[in-house]
Amino acid sequence: MNDSGTGLPPSGRSLRDRTARLLSGALGSAIVMIVLVSAMWAIEVVDYVEDGHLDRYGIVAHEPDGLAGILFAPFLHAGFAHLMANSVPLLILGFLAAIRGIGRFLAASLLIIVVSGLGVWFTSPPNTLTVGASGLVFGYFGYVVARGLFDRRALDILLGVVVAVLYYSILWGALPSQPGISWQGHLFGLIGGVLAAWLLRRRKPS
């Protein structure tokens, strides 16, 4: 008996599987980013109640004790206005960065945090205290754009182009400009994002 007509052809099944993986990745990335940004808001509420005492755990440039702040600084902010400015681009760019898999996203995030934090620690004026998630924002921007170049998958290329067109103006924030803004965090976050896209790129079978 010939039962080749029962079910989808291989191409149809492949498309269905890819669509299912994409939808699953989108749901997972949305949940991760909502949890992440919600945690930042909860931390900022505690910081407000504590009169900003949590901010001292940020990055203190050139101070050995300030190195620990590399891991804490992205989750701390200098007030609710600062957090609000970061929340929307963080949600959007983080969602797009995580859509290809939570594991790669977490690895990229850690690399961005470390590269951005070390850049701030080494290049900021001595004893400068830096907090905020803008390094992650710039990192996710660089990651999504560069991922399209390195992975060369149609969806990643499309996302990279869209992000580059919509958010290209943030690149000015990676240049020394406004006092009180850590352009170092922006610049090295961007570098960290591109580096993460390169290191975590899809490997072609040998």
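Before reading on, note that the structure itself is shown above.
From a predicted model like this one, the values you see are computed outputs, not experimental measurements.

About the thresholds
Residues numbered from 1 in each chain as written. Predicted model: local features only at pLDDT ≥ 70, side-chain atom pairs only at ≥ 80, totals over all residues. Heavy atoms only, no water. Helix = DSSP H or I, 4+ residues; strand = E, 2+ residues; numbered from the N terminus. Buried < 20%, exposed > 50% of the residue type's maximum accessible area, 1.4 Å probe, protein only. Contact = heavy atoms within 4.5 Å. Areas by Shrake-Rupley, 256 points an atom, 1.4 Å probe, with all protein chains shown as cover. Lys, Arg positive; Asp, Glu negative; His and termini not counted. Charge placed at Lys NZ, Arg CZ, Asp CG, Glu CD. Core = buried A, V, L, I, M, F, W, Y, C linked by side-chain atoms within 4.5 Å.

### Points about the overall build of the protein
Moving on, step 1. If you tally the helices and strands in the protein, you get seven helices and two strands.
Moving on, step 2. Taken from the N to the C terminus, the helices and strands of the protein come in the order α-β-α-α-α-β-α-α-α.
Moving on, step 3. The principal-axis extents of the C-alpha atoms in the protein amount to approximately 80 × 35 × 30 Å.
Moving on, step 4. Of all 206 residues assigned to the protein, the portion counted as buried reaches 39%.
Moving on, step 5. In the protein, the share of contacts with a sequence separation of at least 24, taken over all contacts with a separation of at least 6, comes to 79%.
Moving on, step 6. By element, 71% of the accessible surface of the protein is carried by carbon and sulfur atoms, the whole surface being about 11,500 Å².
Moving on, step 7. The averaged location of the 11 negative side-chain charges in the protein is 22 Å from the averaged location of its 14 positive side-chain charges.

### Things to note about the nonpolar core
Nonpolar side chains in soluble globular proteins generally cluster together in the buried interior.
Moving on, step 1. Within the largest apolar cluster, 38 residues are counted, with the highest numbers of intra-cluster contacts made by M40, L90, L93, L136, Y140, F141 and V163.
Moving on, step 2. Of all elements in the fold, only α1 (10-49), α3 (80-98), α4 (102-123), α5 (134-151), α6 (154-167) and α7 (183-199) reach the threshold of two or more residues within this core.
Moving on, step 3. Here this core gets eight residues from one element, more than from any other, and that element is α5.

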